[in-house]
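# Structure assessment
Take a look at the letters that make up each chain.
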Amino acid sequence: MNNPTNYGPRLCFRHLRPPQLNRSESRMVESLARKLDEESRFAREKVYFEPFARRGLGGGSLTVIGDVREIPLMAEHSSSALEYRLSTLAQAGDVIIIGTGRNAGFEDYRENVLQFGSADYLETGQSAPGNRFSTAGWCLEDAKTYQGLMQKVRAHRSATVLSHITTGTIWALARKLGRDMGLPIRVAGPLPTLSRLTNNKLWFSKVTGALLGPDAVPVECPVHGWAALTGKVRSLSQHSNRLVIKVPDSAGSVGNFVISCDEIRKMDVRQTHRYLADLLAPVAGSLHFPLLVQVWENKVLTSPSVQIWVPHPRDGHPIVEGLFEQVVSGPRSEFSGAMQAALPSEWDKSLAHQSLMLATVFQELGYFGRCSFDSVISGDNFGSAKLLWIECNARWGGVSVPMTLLNTLFRGSDIPAFVIHHAPGLTMRRQSFAEGIEKVRDLLWSPGRTKGVIFLTPSGFETGRNLHFVSLEASVDLARQLAEQTIQRLAQGF
């Protein structure tokens, strides 16, 4: 069992390996952090939000906001069902805010099967998915909703806001609550500007290149208009097999657009421009430059992600918690699951060490909370391969939530082998969560068991696609088999 660390009364983190930066590396990290801080002046925001809202995890209960709609391009793809994912980290007495459409079946499952206890839910009641307000935004905008939230926060002495991503809206809500109640509110994430930058692929590439060298990032180029985009795609296509256009501040599942270079080489400039316009048409209404054009690695051996918790400096170094192999599927290589990575030891050490250096730069800049780094290892074999850092997810996500949940559920004991499934391409009969859960009742995990399935959201049951669950077993192969058995059961009657 790797060493568990209890961070406050709520969350448990496990060190994959102890921090090991030498003096030279520490100086490099500090020098880069000073330069970045001079450019962005992160401390200015701290003056505005304090003393009513501060970074950290406070005592008492949590106010959990799992909405993802403030991530660019995600508003059209999110649902209230997905908001429940972060609620799996909540316990009895916590406040869980849901935008609209509470799922009674899933709430009953959380309370009685997983035995998480009774949380206090607040449904904000936004009228439709197209509502321009995020859940936190609506709490600020609608006086009745805000009063209801403030009553619950006061009743439960909920001193910490735990959100999927910490934006200016989240911080504004925490500041208003703290001011109106005279109770300092903690926000379990970085201040808004640092949150925005660390989630931006262009900024992350700049920082990674400066710290680890230009060979640590893929061949890529920012473009600032349609003409530049067309020209850069045509230029890079001459010597590449595939490219990807990325919306720098969005999630990869909706902001990545893959291009076959064979097709581009057959086109003239006008045809290329038209092709790119059609490719990006689904997000045209929300599109803004700069975009990132990146060469897609051809000989990818694996796509590891490194899961990190960044505490206050007074509480120690960033915690490297886990290395996971990501499973992607479909033409856009959408995230569809993950499992603990099994890499040669030298690669294990290299990934953990370099990610610790990056996370320490973030910590020096004032970062607090959850983040992960995505990478690819590409080449003919591990002996001659190269490591490239792709992006940072400075927020909770599809790996970090179940990982942290299992850390907490198995606090003080070894965690069984597990596989995380999102199953984006799955098609099954639409059914209520309560109806679907009965089909797999005997497969469900519950306290005291070392194997079983844990559903992270009710998503997929009503829509017939995009299940979110984690399966636990004695080995990864058995966990995969359990996941397949679960999917087959739920697909019955399709």
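Our subject is the structure listed above.
Overview of the structure.

Conventions we followed
Residues numbered from 1 in each chain as written. Predicted model: local features only at pLDDT ≥ 70, side-chain atom pairs only at ≥ 80, totals over all residues. Heavy atoms only, no water. Helix = DSSP H or I, 4+ residues; strand = E, 2+ residues; numbered from the N terminus. Expected span 1.5 Å × (residues − 1). Buried < 20%, exposed > 50% of the residue type's maximum accessible area, 1.4 Å probe, protein only. Phe/Tyr/Trp six-rings, centres within 6.5 Å; stacked < 30°, edge-to-face > 60°. Lys NZ or Arg CZ within 6 Å of the ring centre and 35° of its normal. Core = buried A, V, L, I, M, F, W, Y, C linked by side-chain atoms within 4.5 Å. Contact = heavy atoms within 4.5 Å. Pairing = 2+ DSSP bridges. Axes fitted to C-alpha atoms, helices over the stretch in contact; angles between N-to-C directions. Polar contact = N/O pair within 3.5 Å; in protein donor to acceptor, adjacent residues only side chain to side chain.

## Some points on helix α14 (residues 345-365)
For α14, spanning 21 residues, the distance from its first C-alpha to its last is 31 Å, which sits close to the expected 30 Å at 1.5 Å a residue. Buried residues dominate α14, accounting for 15 of its 21 residues. Trailing α14 by a residue or two, G366 shows a phi angle of about 105°, which is positive.

## Some thoughts on the environment of P282
Examined against the element boundaries, P282 turns out to sit in the loop between α13 (269-279) and β12 (291-295). Residue class for P282 comes out exposed when judged on its relative accessible area of 67%. Each C-alpha atom, one on P282 and one on Q91, is 39 Å from the other, the two residues being 191 residues apart in sequence.

## Some points on the packing of aromatic side chains
This model, assessed by the stated rule, comprises 25 aromatic pairs. When the centroid spacing of 5.8 Å and the interplanar angle of 40° are considered together, the rings of F106 and Y109 count as tilted. Of this pair, F106 and Y109 both sit in helix α4 (residues 104-113), three residues apart, which is roughly one turn of that helix. Across this residue pair, the class does not change: F106 and Y109 are buried. A ring pair is formed by F362 and F373, whose centres lie 5.7 Å apart and whose planes are at 75°; its orientation type is edge-to-face. On the criterion of sequence distance, the pair formed by F362 in helix α14 and F373 in strand β17 (residues 369-378) is long-range, its members being 11 residues apart. A relative accessible area of 0% places F362 in the buried class. In this structure F373 comes out as buried when scored by relative accessible area, which is 0%. In this structure an aromatic cluster arises from ring pairing among Y84, F106, Y109, Y121, F433, F455, F461 and F469. For the cation-ring pair, R175 lies above Y48, with the distance from its terminal atom to the ring centre recorded as 4.2 Å. Sitting over the ring of Y146, K176 keeps its end group 4.7 Å from the ring centre.

## A word on unusual backbone geometry
Look at the link from E50 to P51: it is a cis peptide, with omega at 5°. Among the structural elements, P51 can be located in the loop between α2 (43-49) and β3 (53-55). The peptide bond linking F289 to P290 adopts the cis configuration, its omega dihedral lying at 5°. Checked against the element boundaries, P290 lands in the loop between α13 and β12. Positive phi outside glycine occurs at Q115, with the angle close to 60°. With respect to the helices and strands, the residue Q115 is situated in the loop between α4 and β6 (120-123).

## A look at the nonpolar core
If you look at the biggest cluster of nonpolar residues, it comprises 54 residues, and the most contacted ones within it are Y109, L162, W396, I454 and F455. Setting aside its immediate chain neighbours within four residues, L162 contacts L62, T63, V64, I65, L86, L89, A188 and W396. Counting residues in hydrophobic clusters, the runner-up holds 37 residues, among them L358, F373, L387 and W389.

## Brief notes about the sheet that holds strand β4 (residues 62-65)
Reading across from one edge, β3-β8-β7-β4-β5-β6 is the order of the six strands in this open sheet, with parallel pairing throughout. In the strand order of this sheet, the two ends are held by β3 and β6, each with one partner. Adjacent strand axes in the sheet meet at a mean angle of 25°, parallel and antiparallel pairs treated alike. Here strand β7 (residues 160-163) runs beside strand β8 (residues 185-187); their pairing, made up of two bridges, is parallel. Its bridge partner lying in β8, T160 is registered against R186.

## Section: the side chain of Q294
Note on placement: Q294 falls in strand β12. Reaching out from Q294, the side chain makes a polar contact with the side chain of E220 at a distance of 2.6 Å. Not counting the four nearest positions on each side in its chain, Q294 is found in contact with P218, V219, E220, L243, V244, K246 and I390.

## Regarding the sheet that holds strand β11 (residues 256-260)
Sheet architecture is open: four strands sit in the order β9-β12-β10-β11, paired in antiparallel fashion. Because the sheet does not close on itself, it has two edges, and the strands there are β9 (220-223) and β11. Ignoring strand direction, the axes of neighbouring strands in this sheet form an average angle of 20°. Summarising the sheet, β9 and β12 pair through four bridges and their orientation is antiparallel. Each bridged residue has a counterpart across the sheet, and for V223 the counterpart in β12 is L291. The strands touched by helix α10 (residues 226-237) are β9, β10 (242-246), β11 and β12; relative to β12, the strand with the most contacts, the crossing angle is about 5°. Where α13 meets the sheet, its contacts fall on β10 and β11, and the angle it forms with β11 comes to roughly 145°.

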